[in-house]
Number of protein chains: 2
Amino acid sequence: MRELFQQELHEVQDRLVEIAQLVVDAITDAVEAFNKSDVTLAESVIVRDNKIDDAVVALDELAIAILARQAPVAKDLRIVVSALRISASLERMGDMAEHLAQLARYRFPEKVVPKTIRPIFKEMGVLDIELAKMLVVLLKTEDVEIAEKIRDEDDKVDALHLSVFETVLSDSWSQGTETTVDATLASRYLERFADHAVSIAKKMMYLATGEWNPPKH
Amino acid sequence: MRELFQQELHEVQDRLVEIAQLVVDAITDAVEAFNKSDVTLAESVIVRDNKIDDAVVALDELAIAILARQAPVAKDLRIVVSALRISASLERMGDMAEHLAQLARYRFPEKVVPKTIRPIFKEMGVLDIELAKMLVVLLKTEDVEIAEKIRDEDDKVDALHLSVFETVLSDSWSQGTETTVDATLASRYLERFADHAVSIAKKMMYLATGEWNPPKH
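This is a predicted model, so every value here is computed, not measured.

Rules and cut-offs
Residues numbered from 1 in each chain as written. Chains lettered and ligands numbered in written order. Predicted model: local features only at pLDDT ≥ 70, side-chain atom pairs only at ≥ 80, totals over all residues. Helix = DSSP H or I, 4+ residues; strand = E, 2+ residues; numbered from the N terminus. Rg over C-alpha atoms; globule rule 2.2 N^0.38 Å. Buried ≥ 20, exposed ≤ 12 C-beta atoms within 10 Å, placed from the backbone. Contact = placed C-beta atoms within 7 Å. Least-squares fit on C-alpha atoms with pLDDT ≥ 70 in both. Expected span 1.5 Å × (residues − 1).

*Asks:* Whenever I open this one, the overall build of chain A confuses me. Can you help?
*Replies:* The number of helices and strands found in chain A is six helices and zero strands. Secondary structure of chain A in N-to-C order comes out as α-α-α-α-α-α. Computed over its C-alpha atoms, the radius of gyration of chain A comes to 19 Å, within 12% of the 17 Å expected for a compact globule of 217 residues. In terms of its C-alpha atoms, chain A occupies a principal-axis envelope of roughly 65 × 40 × 20 Å. Counting only residues that meet the buried cut, chain A has 45% of its 217 residues in that class.

*Asks:* What exactly am I supposed to notice about the interface of chain A and chain B here?
*Replies:* Counting from both sides, the interface comprises 23 residues of chain A and, opposite them, 23 residues of chain B. Counting only elements with at least two residues in the side of chain A that touches chain B, the list comes to helix H2 (39-70), helix H3 (74-107), helix H5 (144-169) and helix H6 (177-209) of chain A. Looking at the side of chain A that touches chain B element by element, the count peaks at seven residues for H6 of chain A.

*Asks:* Please clarify how the relation of the copies chain A and chain B should be interpreted in this entry.
*Replies:* Each of the two chain copies can be brought onto the other by rotation about an axis and movement along it. Least-squares fitting of chain A to chain B yields an RMSD of 0.0 Å, with the transformation described by 0.0 Å of translation along the axis and a rotation of 180 degrees. Those values place the two copies in the arrangement expected of a two-fold rotation axis. If distances are taken from each C-alpha of chain A to the rotation axis, the shortest is found for Ala71 of chain A, at 2.5 Å. Of all interface residues in chain A, 100% are interface residues in chain B too; the two copies therefore contact each other through one and the same surface.

*Asks:* Quick question: what am I supposed to make of H3 of chain A here?
*Replies:* Each α-helix winds once per 3.6 residues, and so residues spaced three or four apart point in a common direction. Taking 1.5 Å per residue as the helical rise, H3 of chain A with its 34 residues ought to reach 50 Å, and the 50 Å between its terminal C-alpha atoms agrees with that figure. In terms of burial, H3 of chain A is largely enclosed, as 25 of its 34 residues are buried.

*Asks:* How should unusual backbone geometry be read in this particular structure?
*Replies:* Of all residues except glycine, most have a negative phi; of all peptide bonds, most are trans. Residue and element names in this part refer to chain A. Geometrically, the link from Phe108 to Pro109 is a cis peptide bond, its omega value of 5 degrees lying close to zero. With respect to the helices and strands, Pro109 occurs in the loop between H3 and helix H4 (118-141). Of note, Ala71 is a non-glycine position whose phi angle comes to about 45 degrees, a positive value. If you trace the backbone, Ala71 turns up in the loop between H2 and H3.

Structure (structure tokens):
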């Protein structure tokens, strides 16, 4: 019984890592589809989002079954509760990747944002992909130092998100309304993606420490 | 022991209703601040968001304590797990109200969106407030018919959200970039607010039925 329980806990953690890997793939392809106006890749991201959603539902069912059958306590309970909370954030990260891919598909064969502002989006994309990869490592290792790095990366994404607005609102911005709307939404999706990574990092801190809001150093 | 347990479960449900009521207040005031460019009210919404966040953390701690001490099963377990998931959505609804209030504060003494498009936002605001009020009733009564109504209302919000984009992208739109950005973001916040209401309705269906994705009729 005890051995089965430990197996199930490992299963929960393995599945979280698998879903995080699906999110890495989704954001990697969404960013490339967005940057290169690749409609096939965009459609692939959109189709694959269901996989992430299904994996999240299945993981949640497993977590609830474990709560019901095993009545875990202490660290074991934190693993299961954290899984429920982290899976919700991973699902939303998948949604953000999907939204970005949808923008790429709508605007095909045009690129979503104009040349002048593209470097900012490229940098945000690179950071979001890095963040997703860090989450995979964090979920595997529970290394809280990675959680700190995730916060730092998110600060960079926030700064880039602000600079998108500065560019769009500057006198030199001569783009039409459609482009303004797309740039606003794309930037928001990339920023929210990073926010969810921070949110997962916090939940992992809870898993490691038992504290919801560990003090920032 | 059993009596204490039942008391604690009631406490969980009461607290969810309280938080939902805070969200009703937040969206009601945020919509009014947005429509009337009321900076004092906007600031009140922004300040009060911490209250919602704190109440959510406290509720989550209670839910986890119950899982640890009582090892609930069946419906009791679903109450506790649902509370954890619903509290996260309520927190995000509070954030959306806060974001709307922030737009009102930034643009003060101007209104955020121009006259032509204001009726659409007013209608979205009315629907969001209604949705939040329905959630309070749903959390109190577990009446799944309300869950259906919430989905219908969300469809209306989605249609209005689309009509914001249609207006902004039409030839008759003569507003500057700042207004376009603000209208895009405000519409997105109002739409996401409604999405979270649907998400909570689904979680209440799970609570009532034990099924994650009950078929739509």
